[in-house]
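Fold and geometry: a report
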Amino acid sequence: MDIDRLIQIVEAEVKKALLDQTGSKEKVVSQQPNSSGKKVLALFTGGYTKLSEALTQIERLIQASCSVDVVMSQSATKVIGQDKISSISGIASLVCEPDDSISSLKVVQKSDFIIVPVLTRNTAAKLALGITDTLVTNILIQALISAKPVIAARNAADPNDADCPCVGMPNTPLGLVKLAENYLQKLESYGMKLVDASEIADIVLSDTKKADTLDQKLITPET
């Protein structure tokens, strides 16, 4: 048997095996739609802009079989309230600042994605300047240093967003608007992805699906 014929046989068998495997996975997916199994760490800061949408994103991730841990800043506990978060069915764990027992490095290492459903201007400014005086800011800086995917809702911190409070009002000095814009540009340069609150779950689940397909690529003589 010549080598070309042997390659054709092997390639055909590999394709058949992959098709069989895909068929098995489709049966599993039909029972558990959008299952991802990814670990998501959600960090809440003390804002209320698009809060309802932010909570919806958490629920969507849980429904897609993501394991979601939540950390709330002291400000978030006051503004949002611990009860509002703990009432979400399926939350893996909930931690409120201050909590000295939590290691920023460890929680980052065990997470696949770090999300900030509500990013306030105050937190954006601290991160842009490298200030890590809270558990939440420590975790976020550690995540960026570790090159973990960090996705944050920009609505409460972007002066050009219609939902942003205070900054961006008609009488706001241009210098303050530029300052807020510069902070966000800094965060993006650090690797943070700033999006609308309504996009968070889609981005996490989309990235998850892309990662899951990497192992399905067939290597042939042409590749």
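Everything discussed here concerns the structure shown above.
Residues numbered from 1 in each chain as written. Predicted model: local features only at pLDDT ≥ 70, side-chain atom pairs only at ≥ 80, totals over all residues. Heavy atoms only, no water.

Looking at the nonpolar core
In this structure, Phe-44, Ile-58, Leu-61, Val-68 and Ile-115 are the most contacted members of the largest nonpolar core, which totals 33 residues. Only strand E1 (39–44), helix H2 (51–63), strand E2 (67–72), strand E4 (113–118), strand E5 (150–153) and helix H9 (200–213) provide two or more residues apiece to this core. Residue contributions to this core peak at six residues, all from H2. Residue contacts for Val-68: discarding those within four places in its chain leaves Val-40, Ala-42, Ile-58, Leu-61, Ile-62, Ile-91, Ala-92 and Ser-93. (Core = buried A, V, L, I, M, F, W, Y, C linked by side-chain atoms within 4.5 Å. Buried < 20%, exposed > 50% of the residue type's maximum accessible area, 1.4 Å probe, protein only. Helix = DSSP H or I, 4+ residues; strand = E, 2+ residues; numbered from the N terminus. Contact = heavy atoms within 4.5 Å.)

A closer look at unusual backbone geometry
A cis amide bond links Glu-97 to the next residue, Pro-98, at an omega of -10°. Among the structural elements, Pro-98 can be located in the loop between strand E3 (93–96) and helix H5 (104–109). Within the chain, Ser-65 stands out as a residue other than glycine whose phi angle is a positive 70°. One non-glycine residue, Ala-147, adopts positive backbone phi at about 60°. By secondary structure assignment, the location of Ala-147 is in the loop between helix H7 (135–145) and E5.

Re the sheet that holds E5
One open sheet holds the six strands; their spatial order is E3-E2-E1-E4-E5-E6, and the pairing between them is parallel. Lying at the two open borders of the sheet, with one neighbouring strand each, are E3 and strand E6 (193–195). When the angles between neighbouring strand axes are averaged without regard to direction, this sheet yields 20°. Across three bridges, E5 lies against E6 in parallel orientation. Bridged to Ile-151 within E6 is Lys-193. Its contacts with the sheet put H7 on E1, E2, E3, E4 and E5, and the angle it makes with E1 is roughly 135°. (Pairing = 2+ DSSP bridges. Axes fitted to C-alpha atoms, helices over the stretch in contact; angles between N-to-C directions.)

A closer look at the layout of surface pockets
Approximately 170 Å³ is the volume attributed to the second largest pocket. Around the second largest pocket, the lining comprises 13 residues; the ones closest to its centre are Ser-73, Ser-75, Asn-122, Thr-123 and Thr-134. Mapped by element, the contributors of at least two residues to the lining of the second largest pocket are helix H3 (74–79), helix H6 (121–128) and H7. For the lining of the second largest pocket, the element with the most residues is H6, which contributes three residues. In the lining of the second largest pocket, the residues fall into one nonpolar, 10 polar and two charged. (1 Å grid on protein atoms, 1.4 Å probe; cavity = no way out; pocket = protein on both sides within 12 Å on 5 of 7 lines; lining within 4 Å. Points joined across faces, edges and corners; volume = space filled by probe spheres on them. Nonpolar A, V, L, I, M, F, W, Y, C, P; charged D, E, K, R; others polar.)

Focus: the pattern of salt bridges
Going through the model one piece at a time under the given rule, you end up with six salt bridges. One salt bridge in this structure joins Asp-158 and Arg-154, with 2.9 Å as the shortest N-O distance. Just as Asp-158 is buried, Arg-154 falls in that class too. With a closest N to O distance of 3.6 Å, Arg-154 and Glu-188 form a salt bridge. Of this pair, Arg-154 sits in the loop between E5 and helix H8 (174–190) while Glu-188 sits in helix H8, and the two are 34 residues apart along the sequence. Using a relative accessible area of 39% as the deciding quantity, one classes Glu-188 as partly exposed. A single salt-bridge network, built from bridges that share partners, covers Arg-154, Asp-158 and Glu-188. (Salt bridge = Lys/Arg side-chain N within 4 Å of Asp/Glu carboxyl O.)

Some thoughts on H2
The first and last C-alpha atoms of H2 sit 19 Å apart over 13 residues, in line with the 18 Å expected at 1.5 Å per residue. Along H2, the residues that are buried comprise Leu-51, Ala-54, Leu-55, Gln-57, Ile-58, Leu-61 and Ile-62. All buried residues of H2 fall inside an arc of 150° around its axis, so they share one side. In H2, the exposed residues that point more than 90 degrees away from the buried face are Ser-52 and Gln-63. One or two steps after H2, the chain reaches Ser-65, where phi turns positive at roughly 70°. (Expected span 1.5 Å × (residues − 1). Arc of directions from axis to C-beta.)

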